[in-house]
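Tertiary structure, described
Chain by chain, the residues:
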Amino acid sequence: MKRSVIDILDLSTEEIESLIATAQDIIARPAEYAHACAGKKLATLFFEPSTRTRLSFEAAMYELGGNVLSVTDAATSSASKGESVADTARTVSCYADIIAMRHPKEGAALVAANAASIPVINAGDGGHCHPTQTMADLLTIRREKGAFSGLTIGLCGDLKFGRTVHSLINAMARYPDNKFVLISPEELKLPSYVKKDVLQEKGIPYEQTTSLEAALPQLDVLYMTRVQRERFFNEEDYLRLKDSYILDAAKLKAAKGDLCVMHPLPRVNEIATDVDADPRACYFKQVLNGKYMRMALILKLLKEAAQ
Amino acid sequence: MKRSVIDILDLSTEEIESLIATAQDIIARPAEYAHACAGKKLATLFFEPSTRTRLSFEAAMYELGGNVLSVTDAATSSASKGESVADTARTVSCYADIIAMRHPKEGAALVAANAASIPVINAGDGGHCHPTQTMADLLTIRREKGAFSGLTIGLCGDLKFGRTVHSLINAMARYPDNKFVLISPEELKLPSYVKKDVLQEKGIPYEQTTSLEAALPQLDVLYMTRVQRERFFNEEDYLRLKDSYILDAAKLKAAKGDLCVMHPLPRVNEIATDVDADPRACYFKQVLNGKYMRMALILKLLKEAAQ
Amino acid sequence: MKRSVIDILDLSTEEIESLIATAQDIIARPAEYAHACAGKKLATLFFEPSTRTRLSFEAAMYELGGNVLSVTDAATSSASKGESVADTARTVSCYADIIAMRHPKEGAALVAANAASIPVINAGDGGHCHPTQTMADLLTIRREKGAFSGLTIGLCGDLKFGRTVHSLINAMARYPDNKFVLISPEELKLPSYVKKDVLQEKGIPYEQTTSLEAALPQLDVLYMTRVQRERFFNEEDYLRLKDSYILDAAKLKAAKGDLCVMHPLPRVNEIATDVDADPRACYFKQVLNGKYMRMALILKLLKEAAQ
């Protein structure tokens, strides 16, 4: 039965567990999976550039023994001839076995999933969802902290527009005994609908602060985010705020010895490079974990589609 | 002996039969072909974007077990340094075993074929030829209607500039007992040289009309085409004409129960989406058939080149 | 032990010998190498377009049985979000086993090599180095002339900015008994630092001339170069000089019967097409040799990285 993943909440906590188990088995025994998708094709259908995400999906498919149809210019080709996303998805269904799609418009992945006869994985639709990034985050937390519970999780930077932060809160809110520390300037605070609908609704403890240094000592996980120039209406605000929440080796001295520092990448300067060699720096591990979780998800969806 | 395919008429009717037989065998027994081109490389050399065509060739090569060298930006790379198409073709001959080439200029594929030491398949050269699209059309007609004879074939929309329409007329004019119904506005009528040199020359019956609804009841095949904005000198003419020949579920009620509705895609709005679920809608089948015919052609040309 | 190749001089003459031996074995017994890199991935990370170089690396990897992650738009994707080359290299290290990187800035490949955890091959960094082009040149000289010694080597055209010329001089200066003939207009003469630091330092004989015809009869090798429009400050100088040093069939009559004519390609009009059929024309052989040397280098670096 064909099935698509548009939002991280499309996957139950049981399914997340199962995907993590598969990813860990892939890490332990990669050779067992080297031909798992032989003869299958992944189409990476990107309507806006995101080389990092595209490569992660393509590397995942190759490590499963499959092949890749790569479309980096979807917006300037079919779409420029006036074709709908639905028709593009239906056409690509004739060529590939599974689609990873990136699109600047919210909801585009869902439209594609409804039209396609093969599974569609949302690889980012505007400021909306990017479930495989959250899967990468979850595997990283599990591998570094051993559990999804009992954690004090700091989220720092752009909490207003940061898609990955909202998804991670949604995902972690399904596990008990966690606490969130929301660290941001006033202008980039977590939207009240997230606080209300997710944190307050579920009775999850959280605190808000504008000081990274004050928050740091109590954290088990620190999720840093990029402050994107394109989110700001004027250049002045961007320049003033982008450097406000920079983590460096000096600040890190006040943190726990087993803190897990995460970042969805690319970073600009939110994390100084003098942090990179610290064993608590986990952001490049996140990159690797993202590949393994994408492998697990591709395997799962192709298996379900064949049933 | 190396051989290229630039025009659909480069292939005899016997060769078309043989390619159709191969395509049907591929459909019936795909596993038999899954490694047929192992170790071989197809270069898709695209001097203008055509993602749909490129993916069809690449999917075809992967389903034959081969690999793909993909050049989507041929125009902005080598050509920008002043390199000739002939030199590009000669260079790519050092890297690949077969080339599928798309170019905005008529005749470019022939220039490449003459220079290359490997087979070249024309994947569209300007408004000129696009033989593998016609091959997709032919396989669709054969699979849907069972024969290439005794058919009343409607061609609707832009018959003046529509490359696929001219090629299909050329291809079908080689089979007996067919009749063409040419449905278009005055401004986009089939050029008189096609009528004279092909239809009249061979004594093939045809009629011209401006009314899709009047023509519909008698048709066995209806080939819809896109009215391309870039073909018009002014926007007004485009807007007035583009919606003139739209097929929808209501109009389709007057058609035969076994009508075969075709379209080379992408469509803009020439066929309403309420037609998609009708069993007579064959345009997504055409997409699949295009892949199978490209597989058959790649196989044939690589086999001949090896002899 | 991971190792990168940024400059042709990173490879000792013993290593060049070994790479040439591997390349010649690949030419003799390609089937032996068809699965040598099975399960491995090459990332072609191109921050500026160079389709010819990219395809050569990708064809090389496919002929070794490996896979390819292709990034043709590196400059417009990650970099546009402000990511450093070092972070890009570190991220790609999570996806691939080896990187071939092209970048318009001198030194970029070295920065990537220092950050990456996998081998990096410099596929051209600005006007600086392009070691695999020189490797292609060396294999061509070896196959055509049988040795790297006792040769009179003419270098013609843009000797001032021509990166490939400087690298070839550096590479050939390590072998005894060669003589260089430097053929160029005054404006495009070999920079004095190359003459002084390489040719004079090592006591290698050379002569300078502005006449291709005068130089031609004594040459064993003639290396033609493209005069690039982008090197000139004004259009007039470009137009006056670009046609100054054109080799054609008429001029070639005065040359030795076993002259080896080379060109790094793409050519504009430095070599007339009437030379192409002459057995002394070796520039398309260079293209093939480039592929074989890249295969040899990929094999070597992956083998060393695994140790």
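Placed above this text is the structure.
Here is a short report on the structure shown in this document. Worth saying up front: this structure is predicted, and the values here are computed from it rather than measured. (Residues numbered from 1 in each chain as written. Chains lettered and ligands numbered in written order. Predicted model: local features only at pLDDT ≥ 70, side-chain atom pairs only at ≥ 80, totals over all residues. Heavy atoms only, no water.)

**Section: the overall build of chain A**
Of the regular secondary structure elements, chain A holds 11 helices and 9 strands. In terms of overall dimensions, chain A is globule-like: its C-alpha atoms have a radius of gyration of 19 Å, near the 19 Å expected for 307 residues. For chain A, the spread of C-alpha atoms along the principal axes amounts to about 55 × 45 × 40 Å. Counting over 307 residues, chain A shows a buried share of 60%. Taking the contacts inside chain A whose residues are at least 6 apart along the sequence as the reference set, 74% of them involve residues at least 24 apart. Only carbon and sulfur atoms are counted for the fraction: they give 51% of the accessible area of chain A, which is about 11400 Å². (Helix = DSSP H or I, 4+ residues; strand = E, 2+ residues; numbered from the N terminus. Rg over C-alpha atoms; globule rule 2.2 N^0.38 Å. Buried < 20%, exposed > 50% of the residue type's maximum accessible area, 1.4 Å probe, protein only. Contact = heavy atoms within 4.5 Å. Areas by Shrake-Rupley, 256 points an atom, 1.4 Å probe, with all protein chains shown as cover.)

**Focus on the relation of the copies chain B and chain A**
Relative to chain A, chain B is turned by 120° and slid 0.0 Å along the rotation axis, the superposed coordinates differing by an RMSD of 0.0 Å. Classification of the inter-copy transformation places it as that of a three-fold axis. Interface overlap between copies: only 4% of the residues of chain B at the interface are likewise at the interface in chain A, consistent with a contact formed by different surfaces. (Least-squares fit on C-alpha atoms with pLDDT ≥ 70 in both.)

**Here's the deal with the interface of chain B and chain A**
The partner chain A presents 19 residues to the 23 residues of chain B that form the contact. Both sides of the chain B and chain A interface together cover about 2000 Å² of buried area, and 55% of this is carbon and sulfur. When residues of chain B are sorted by the area they lose upon contact with chain A, Leu55, Tyr62 and Phe284 of chain B head the list and together hold 29% of the total. Scanning the region where chain B abuts chain A turns up 4 salt bridges. Its salt-bridge partner being arginine 90 of chain A, residue aspartate 276 of chain B comes within 2.6 Å of it at the nearest N-O pair. Taken together, chain B and chain A are joined by 8 residue pairs in polar contact (both at pLDDT 80 or more). Those elements that provide at least two residues to the side of chain B that touches chain A are α2 (51-63) and α11 (283-306) of chain B. Element by element, the count of residues in the side of chain B that touches chain A is highest for α2 of chain B, at 9 residues. The class makeup of the residues in the side of chain B that touches chain A is 10 nonpolar, 4 polar and 9 charged. (Buried area = accessible area lost by both parts, 1.4 Å probe. Salt bridge = Lys/Arg side-chain N within 4 Å of Asp/Glu carboxyl O. Polar contact = N/O pair within 3.5 Å; in protein donor to acceptor, adjacent residues only side chain to side chain. Nonpolar A, V, L, I, M, F, W, Y, C, P; charged D, E, K, R; others polar.)

**Observations regarding the relation of the copies chain A and chain C**
The transform that puts chain A on chain C rotates by 120° and translates by 0.0 Å along the axis, for an RMSD of 0.0 Å. Counting the interface residues of chain A, we find that no more than 4% of their copies in chain C are interface residues as well, pointing to two distinct contact surfaces.

**A word on the state of the cysteines**
Evaluation of the coordinates by the stated rule reveals 0 disulfides over all chains. Lacking any disulfide linkage, cysteine 260 of chain A is separated from the closest cysteine sulfur, that of cysteine 282 of chain A, by 3.7 Å. What makes cysteine 260 of chain A buried here is its relative accessible area of 1%. Between cysteine 94 of chain C, a free cysteine, and cysteine 282 of chain A, which holds the nearest cysteine sulfur, the sulfur-to-sulfur gap is 13 Å. (Disulfide = S-S within 2.5 Å.)

**As for the packing of aromatic side chains**
All names here are of chain A. Applying the stated rule across the entire model yields 6 aromatic pairs over all chains. Geometrically, the ring pair formed by phenylalanine 148 and tyrosine 175 is tilted, given 4.8 Å between the ring centres and 50° between the ring planes. With a gap of 27 residues between them, phenylalanine 148 in the loop between α5 (131-145) and β5 (152-156) and tyrosine 175 in the loop between α6 (163-172) and β6 (179-183) connect regions that are remote in the sequence. Note on phenylalanine 148: relative accessible area 3%, which makes it buried. Sitting over the face of the ring of phenylalanine 148, arginine 142 holds its NZ or CZ atom 4.2 Å from the ring centroid. (Phe/Tyr/Trp six-rings, centres within 6.5 Å; stacked < 30°, edge-to-face > 60°. Lys NZ or Arg CZ within 6 Å of the ring centre and 35° of its normal.)

**Regarding the interface of chain A and chain C**
Facing 23 residues of chain A, the contacting portion of chain C comprises 19 residues. Here chain A packs against chain C, burying approximately 2000 Å² in sum over the two surfaces, 55% of which is carbon and sulfur. Applying the counting rule to chain A against chain C returns 4 salt bridges. The interface formed by chain A and chain C includes 9 residue pairs in polar contact (both at pLDDT 80 or more). Looking at the side of chain A that touches chain C, the elements that each hand over two or more residues are α2 (51-63) and α11 (283-306) of chain A. Of all the elements, α2 of chain A adds the most residues to the side of chain A that touches chain C, at 9 residues.

**With respect to the sheet that holds strand β2 (residues 67-71) of chain C**
Residues and elements named next belong to chain C. Here we have 4 strands laid out as an open sheet, ordered β2-β1-β3-β4, and parallel in their pairing. The sheet terminates laterally at β2 and β4 (120-125), the two strands that pair on one side only. When the angles between neighbouring strand axes are averaged without regard to direction, this sheet yields 15°. Where strand β1 (residues 41-46) lies against β2, 5 bridges are found, and the strand directions are parallel. Paired with leucine 45 across the bridge in β2 is valine 71. Helix α4 (residues 108-115) rests against β3 (98-103) and β4 of the sheet, and its axis sits at about 165° to β4. (Pairing = 2+ DSSP bridges. Axes fitted to C-alpha atoms, helices over the stretch in contact; angles between N-to-C directions.)

**Observations concerning the pattern of salt bridges**
All names here are of chain A. As enumerated under the stated definition, the model contains 64 salt bridges over all chains in all. In this structure, aspartate 276 engages arginine 267 in a salt bridge whose closest nitrogen and oxygen atoms are separated by 2.6 Å. Taken together, the salt bridges that share partners define one network made up of Arg3, Glu15, Lys300 and Glu304.

**Focus on the side chain of arginine 163 of chain B**
Residues and elements named next belong to chain B. Residue position: arginine 163 is located in helix α6 (residues 163-172). Although buried, arginine 163 forms no salt bridge, and the nearest oppositely charged side chain, glutamate 48, lies 5.5 Å from it. Those residues in contact with arginine 163 that lie beyond four places of it in its chain are Arg102, Gly124, Asp125, Gly126, Gly127, His128, Cys129 and His130. (Lys, Arg positive; Asp, Glu negative; His and termini not counted.)

**Examining the packing of α6 of chain A against helix α7 (residues 192-200) of chain A**
All names here are of chain A. Look at α6 against α7: their axes get within 10 Å of each other, and the N-to-C directions meet at 15°. Relative to α7, α6 is oriented roughly parallel. Classified by chirality, the crossing of α7 by α6 is left-handed. Contacts between α6 and α7 pair His166, Ile169 and Asn170 from the former with Tyr193, Val194, Val198 and Leu199 from the latter. Residue classes in the contact of α6 with α7 are distributed as 5 nonpolar, 2 polar and no charged. (Parallel < 35°, antiparallel > 145°, perpendicular 65-115°, else oblique. Left-handed = near helix turned anticlockwise from the far one by under 90°.)

As far as function goes, none of this settles anything; it's purely spatial.
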